[in-house]
Amino acid sequence: MPQAPLHIAIIGAGTAGAAAALLLARAGHRVAVFEAVADPGPVGAGIMLQPTGQTVLARLGLLQDVVARGHRVDHLLCETNNGRKILDLSYAALGDGRHGYGLHRGALFAALFAALGQQTGVGVHLGIEVRKLVTTPKGPLLRDAAGNDHGPFDLTVVADGAGSDLHDDQGTPRTVKPYPWGALWWVAPDPELRFSGRLHQIVHGAHTMLGLLPTGTAPDRPDLPLVSLFWSIRADRVDAFRHGDLGAWKARVSQLLPAAAAVVAGIDSADQLLFARYRDVVMPNWHGDRTVWLGDAAHAMSPQLGQGANLALCDAAVLADCVAKHPDVNQALVAYSRARRRHLDYYQWATRALTPFFQSDSQLLPWLRDVGMPVAGALPWTRRKMVAAMAGAETGLLLSSALDLGPPPRLEA
Ligand SMILES: Cc1cc2nc3c(=O)[nH]c(=O)nc-3n(C[C@H](O)[C@H](O)[C@H](O)COP(=O)(O)OP(=O)(O)OC[C@H]3O[C@@H](n4cnc5c(N)ncnc54)[C@H](O)[C@@H]3O)c2cc1C
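Presented here is a report on the structure given in the accompanying data block. Nothing here was measured: the structure is a model prediction, and the numbers come from that model.

## Observations concerning the overall build of the chain
In terms of regular secondary structure, the chain is built from 12 helices and 18 strands. Here the chain has a C-alpha radius of gyration of 21 Å; the compact-globule value for 413 residues is 22 Å, and the two agree. For the C-alpha atoms alone, the extent of the chain along its principal axes is close to 65 × 45 × 45 Å. Within the chain, contacts between residues separated by at least 24 positions form 73% of all contacts whose residues are at least 6 apart in sequence.

## A word on helix 10 (residues 329–358)
Taking 1.5 Å of rise per residue, the 30 residues of helix 10 would be expected to cover 44 Å, and the 42 Å separating its terminal C-alpha atoms lies within 8% of that figure. Maximal helix bending in helix 10 amounts to about 50°, located at Arg341.

## Topic: the site of the ligand
Neighbouring the ligand are 30 residues; Gly12, Gly14, Gly161, Gly295 and Gly308 lie closest to it. Counting only elements with at least two residues in the shell around the ligand, the list comes to helix 1 (15–26), strand 2 (30–35), helix 8 (296–299) and helix 9 (308–325). Class assignment of the residues belonging to the shell around the ligand gives a composition of 17 nonpolar, 8 polar and 5 charged.

## Quick word on the sheet that holds strand 2
Spatially, 6 strands are ordered 7-2-1-11-18-17 in an open sheet, and the strand pairing comes out mixed. Of all the strands in the sheet, the pair left with one neighbour each is strand 7 (122–126) and strand 17 (287–288). Bridge analysis of strand 17 against strand 18 (residues 291–293) gives 2 bridges, and the strand direction is antiparallel. For His287, the partnering residue across the bridge sits in strand 18 and is Val292.

## A look at the environment of Gly28
Mapped onto the fold, Gly28 is located in the loop between helix 1 and strand 2. For the pair Gly28 and Val158, spaced 130 residues apart in sequence, the C-alpha separation works out to 20 Å.

## Structural notes on the packing of helix 1 against helix 4 (residues 105–118)
Contact geometry of helix 1 with helix 4 gives a least axis separation of 10 Å together with a crossing angle of 35°. Crossing of helix 1 against helix 4: the hand is left-handed. Across from Thr15, Ala18, Ala19, Ala21 and Leu22 in helix 1, the residues of helix 4 making contact are Leu108, Leu112, Phe113, Ala115 and Leu116. Tallied by class, residues from the contact of helix 1 with helix 4 come to 9 nonpolar, 1 polar and no charged.

## Section: the pairing of strand 11 (residues 155–158)
Burial along strand 11 is two-sided: the face carrying Leu155 and Val157 and the face carrying Thr156 and Val158 are both buried. With 4 bridges connecting them, strand 1 (residues 7–11) and strand 11 associate as parallel partners. Counterpart to Ala9 in the pairing with strand 11 is Thr156. Across 3 bridges, strand 11 lies against strand 18 in parallel orientation. Looking at the pairing, Val157 lines up with Val292 of strand 18.

Definitions and cut-offs
Residues numbered from 1 in each chain as written. Predicted model: local features only at pLDDT ≥ 70, side-chain atom pairs only at ≥ 80, totals over all residues. Helix = DSSP H or I, 4+ residues; strand = E, 2+ residues; numbered from the N terminus. Rg over C-alpha atoms; globule rule 2.2 N^0.38 Å. Contact = placed C-beta atoms within 7 Å. Expected span 1.5 Å × (residues − 1). Bend = angle between axes of the 7 residues up to and from the residue. Near = placed C-beta within 6 Å. Nonpolar A, V, L, I, M, F, W, Y, C, P; charged D, E, K, R; others polar. Pairing = 2+ DSSP bridges. Axes fitted to C-alpha atoms, helices over the stretch in contact; angles between N-to-C directions. Left-handed = near helix turned anticlockwise from the far one by under 90°. Buried ≥ 20, exposed ≤ 12 C-beta atoms within 10 Å, placed from the backbone.

Encoded structure:
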């Protein structure tokens, strides 16, 4: 390590914070993690673990453990309500044997959090909600909800998720715009593995979208396969949905995909479905003075391309590399923002551009989607670009090259 060990604060023990803490501590730094939840547990629904995220988990030595709880996903199938295929993208087009995994968010959390507990050089402080970053000449000070100060630290990593409201005193620019649409989520047992092997979406216009993602096994029941169902909905229609006719909605789901009848059968009340609203967080740079924003806190986006956790893992890996390479913390952070720019800009742009084709009240956009996407998916060059985008490795629209992920990680059978 070129420089003296740093004293680093990490706010949030989610995907980005836990991965960054592990990598920085393994590089010899002293890391203090502050997590708002007093007893964090494996909550959430299905997420996609893409080849990019797998590469970082392999570096952490956690991939085998995580994918053992996941379900292999070979392709994305998107059909209209009339059964017309508009997208069928297979990871096989990458030509290197890679694929995705459907995973319960809790399985990823459990693996990272357990590793944190065993990592030398990491102190985890639970039940501490950081409310304010206070600039001092010696570095940022963290003020928590009880009014206690922590620090100062040589480097502060803000990784407190999509709801982050932490600013520094220097006014590092950060804008937050809620998406008008989000999704209702439900996780159900799928003992017969009816939804095996693919992420399946059924769309009707852009006002209706149903998705089914095999989700591996339950964090507390390794023998129980799960499937996650998501139902697109505009945020201002959620209340009406909750007070509406649940039976009619179940019938609609079953009509769109008969196999989904078994998934919704276990829902007795609309309140059992959890609503996730999406936010678009934009920062021109992801760093300030001795402070850096990672994961959803830095670049929350719609999950249309299934990248949230994967981008968070990539952020952590690139930050650790930049800190290792640059003895000066602020130079390391400038290098970090530069290194992440193309990858993050691409996914922020692509999700913002694509989401209204799948989630909006537009008549025109879904028509263009239904006409254009089958054509794009049939042409070898655009097809390969679309698969690279799905895999998390794309960095631009036209003349870009995909990220070099190195050889696919080797996993025991
Ligand atoms: C409860 C939950 C459920 C989710 N479910 C899904 C899902 O089903 N599907 C999906 O695609 N994505 C889901 N996500 C989002 C997905 O996990 C993220 O895109 C991805 O993990 C990015 O990681 P992150 O570390 O940036 O944020 P997160 O994983 O959200 O982690 C942020 C962490 O910071 C902590 N925190 C927040 N505020 C403070 C504070 N002021 N001080 C200290 N700590 C703080 C939080 O408690 C959390 O542990 C979920 C996130 C959460 C928190």
